[in-house]
Amino acid sequence: MKRFLIPSSSSSEQSEVSGSSEKKEDGKRKTKYRKYDDRYLDYGFTCVQVNNEERPQCVIFLKVLALESMLPSKLKRHLESLHPNVVGKPREFFQRKLTEAKLQKTTFSKQAKVNSNALLSSYKVAYRVAQCKKPHTIAEELILPAAVDMVTIMLCEDAGKQLLKVPLSNNTISRRINVMADDINDHIICNLKGKDFALQLDKATDNQKDTHLICYVRFVNEKKIVEDLLFCKEMKGGTTGQDLFAVVDDFMVQNQIDWERCVGVCTDGGRSMAGCYQGLQARIRSKSPNAIWTHCIIHREALAAGNLSEELHNILKIVTKVIHFIKTRPMKARFFAKLCEDMGAEHSCLLFYSSSRWLSLGNSLLRVYELRNEIYSYLHDDEHWFADKFIDADFLIQMAFLSDLFEKLNTLNKSLQDDDEDGYSQDEGMFGVANSPSQLNVKCQDLDDDEDDQY
């Protein structure tokens, strides 16, 4: 009875050895799968190597199935459910499909190898397309055919065929532009780290009514002032100071840019941007107490221009109504152009005024003043009630004053955006701040179309 109650040590050791031999080292049993059989081609399947495993591959659409599907019943069910039109086909049919698939794979691998010169040409064309702000399809639809025609005529037909190797599809051009943009951004961030910098931020709305936050950066690199676009982010939610700061702070954290190096912030006068407590500039200064906030000079000009006297505002309203009266009617626009041509005018059309285009008001006023005689003749023949205004001396003097005023503002604004002029004197910065690396200020650029910043 003893041997039944107390098992012997030898038997227990044997059981442990036998149990361990049945298990794998990792504690899992090894699952066995079927190997590929040449008869599976009757169901339209071949095999491919995936992670050192044989997996079934359909020769119709080249779809690779799971390793567990290497069973005749599952392969037959796949053929009957997804390819019922080829059920019952002879083995030669699937053999032919397998041969075509191998040839297609070989052809694709050959075409995928792009010549280095063709690759460089593709990037050059993508750069030109991005620089001119043209649609990406123009490369494949216009640039490539035109280049082939020119090379074929000037050189030879074989040289023209070589250009067809340059990849210029819509997706390729888009991918090239994104790669170049990322590379430029990486260079800017690399040069920016460890240096004092200033930011200019503004909101902009595109033609789809989507709001974007645009950020420019300015810093000193190798004794030169560098200014470039840092990022342009779409605002998914609101546009409060907290929302705007969250976008900027997230970019700074992701790219490991030190906030304490920020020494200047330039924005418009909107509450979400310039608020002293909850605005974007206040939140940035909480991260960098030494940062100096500056109100953009072009926005200040726009605000000042919006506070014109009532008499000058009436002049602007009359000029705008006259422009719309002539320009918004195609027949009247053609008659006016013919009249200008007969009178020997330098121009033959008027210019629209758009409040979101900060140069348009000065250009529109200047064009109306230059064509004042032609406008009077046209309005007089049409018996328009504003015709007499264009022979009134007081009206013309006031319109000339407005035209000169906005022309000077446009000249100043364009000079501030010139790449060759930094807007600095030797002793003072553009905003009256000492021109030193610790007190950098951002050169103004108009990017805003807020209601309170329009003319």
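Residues numbered from 1 in each chain as written. Predicted model: local features only at pLDDT ≥ 70, side-chain atom pairs only at ≥ 80, totals over all residues. Heavy atoms only, no water.

Novice: Hey, could you run me through the overall build of the protein in this one?
Specialist: Counting its secondary structure elements, the protein contains 17 helices and seven strands. Buried positions account for 35% of the 455 residues belonging to the protein. Contacts in the protein between residues at least 24 apart in sequence constitute 59% of all its contacts with a sequence separation of at least 6. (Helix = DSSP H or I, 4+ residues; strand = E, 2+ residues; numbered from the N terminus. Buried < 20%, exposed > 50% of the residue type's maximum accessible area, 1.4 Å probe, protein only. Contact = heavy atoms within 4.5 Å.)

Novice: How do you make sense of helix 12 (residues 297–305) when you look at a structure like this?
Specialist: An α-helical segment advances 3.6 residues per turn. Residues three or four places apart therefore align on the same side. Buried within helix 12 we find Ile298, His299, Glu301, Ala302 and Ala305. Along the axis of helix 12, the buried residues cluster in a sector spanning 155°; they form a single face. Looking at the buried residues of helix 12, the elements they touch are strand 3 (197–205), strand 7 (292–295) and helix 17 (393–416). (Arc of directions from axis to C-beta.)

Novice: I would appreciate a short explanation of helix 11 (residues 280–287) in the present structure.
Specialist: If you check which residues of helix 11 are buried, you get Leu280, Gln281, Ala282, Arg283 and Ile284. Buried-residue contacts for helix 11 involve strand 3, helix 9 (241–254), strand 6 (262–267), helix 10 (271–274) and strand 7.

Novice: Would you mind showing me how to read the packing of helix 15 (residues 360–370) against helix 17 here?
Specialist: A pair of packed helices is captured by two measures, namely the crossing angle of their axes and the spacing between those axes. Taken N-terminus to C-terminus, the directions of helix 15 and helix 17 make an angle of 140°; their axes are 8 Å apart at the nearest point. Compared by their axis directions, helix 15 and helix 17 come out oblique. Considering how the two elements wind past one another, helix 15 and helix 17 form a crossing that is left-handed. Touching Leu361, Gly362, Asn363, Leu365, Leu366, Val368 and Tyr369 of helix 15 are Leu396, Met399, Ala400, Leu402, Ser403, Phe406 and Asn410, all from helix 17. (Axes fitted to C-alpha atoms, helices over the stretch in contact; angles between N-to-C directions. Parallel < 35°, antiparallel > 145°, perpendicular 65-115°, else oblique. Left-handed = near helix turned anticlockwise from the far one by under 90°.)

Novice: What's the story with unusual backbone geometry in this structure? I'm lost.
Specialist: Even without being glycine, Glu222 reaches a positive phi, approximately 55°. Among the structural elements, Glu222 can be located in the loop between strand 4 (211–221) and strand 5 (224–234).

Novice: I keep staring at the packing of aromatic side chains and nothing clicks. Help me out?
Specialist: Remark: the centre distance and the inter-plane angle together describe each pair of aromatic rings, the angle taken between the planes. Taken as a whole and assessed by the stated rule, the structure comprises seven aromatic pairs. Each ring, one from Tyr36 and one from Tyr40, has its centre 5.7 Å from the other, and the planes form 80°; the classification is edge-to-face. Under the relative-accessibility criterion, Tyr36 is labelled partly exposed at 22%. Relative to Phe395, the ring of Phe390 lies with its centre 5.6 Å away and its plane at 65°, an arrangement referred to as edge-to-face. The burial state of Phe390 is the same as that of Phe395; both residues are buried. (Phe/Tyr/Trp six-rings, centres within 6.5 Å; stacked < 30°, edge-to-face > 60°.)

Novice: What exactly am I supposed to notice about the pattern of salt bridges here?
Specialist: Using the criterion set out here, one finds nine salt bridges in the structure. Ionic pairing is found between Arg261 and Asp196, a salt bridge with its closest N-O pair at 3.3 Å. One end of the pair, Arg261, is in the loop between helix 9 and strand 6; the other, Asp196, is in the loop between helix 8 (170–192) and strand 3, with 65 residues separating them in the sequence. Taking relative accessible area as the criterion, Asp196 reaches 23% and is therefore assigned partly exposed. Here the salt bridges share partners, and the residues they tie into one network are Asp38, Asp42 and Arg91. (Salt bridge = Lys/Arg side-chain N within 4 Å of Asp/Glu carboxyl O.)

Novice: It is not clear to me how the pairing of strand 5 should be interpreted in this structure. Could you clarify?
Specialist: For a regular strand, the rule is simple: side chains alternate between the two faces of the sheet. Relative to strand 5, strand 4 runs antiparallel, the two being bridged by ten bridges. Each residue of the ladder has a partner; that of Leu213, found in strand 5, is Lys233. Here strand 4 folds back onto strand 5, and the loop between the two strands holds two residues, one of which, Glu222, carries a positive phi near 55°. (Pairing = 2+ DSSP bridges.)

Novice: Teacher, can you tell me more about the sheet that holds strand 7 here?
Specialist: Taking strand neighbours across the sheet as the criterion, the five strands line up as 5-4-3-6-7 in an open arrangement whose pairing is mixed. Each edge of the sheet is formed by a strand with only one pairing partner; in this case those strands are strand 5 and strand 7. Ignoring which end each strand starts from, the neighbouring axes of this sheet average 20° apart. In the sheet, strand 3 pairs with strand 6 via four bridges, with the strands oriented parallel. For Leu199, the partnering residue across the bridge sits in strand 6 and is Val265.

Novice: Is there a simple way to think about the pairing of strand 2 (residues 53–58) in this case?
Specialist: Bridge analysis of strand 1 (residues 45–50) against strand 2 gives six bridges, and the strand direction is antiparallel. Looking at strand 2, one finds that Phe45 is bridged to Cys58. Hairpin connection of strand 1 to strand 2: two residues between the antiparallel strands, including Asn51 at a positive phi of 55°.

Novice: Quick question: what am I supposed to make of the packing of helix 12 against helix 17 here?
Specialist: The geometry of helix 12 relative to helix 17 is characterised by a closest axis approach of 11 Å and an angle of 170° between their N-to-C directions. Considered as vectors, helix 12 and helix 17 are oriented roughly antiparallel to each other. Of the residues in helix 17, those touching helix 12 at Ile297, Ile298, Glu301 and Ala305 are Phe406, Leu409, Leu412, Asn413 and Leu416. Among the residues making up the contact of helix 12 with helix 17, the classes are represented as seven nonpolar, one polar and one charged. (Nonpolar A, V, L, I, M, F, W, Y, C, P; charged D, E, K, R; others polar.)

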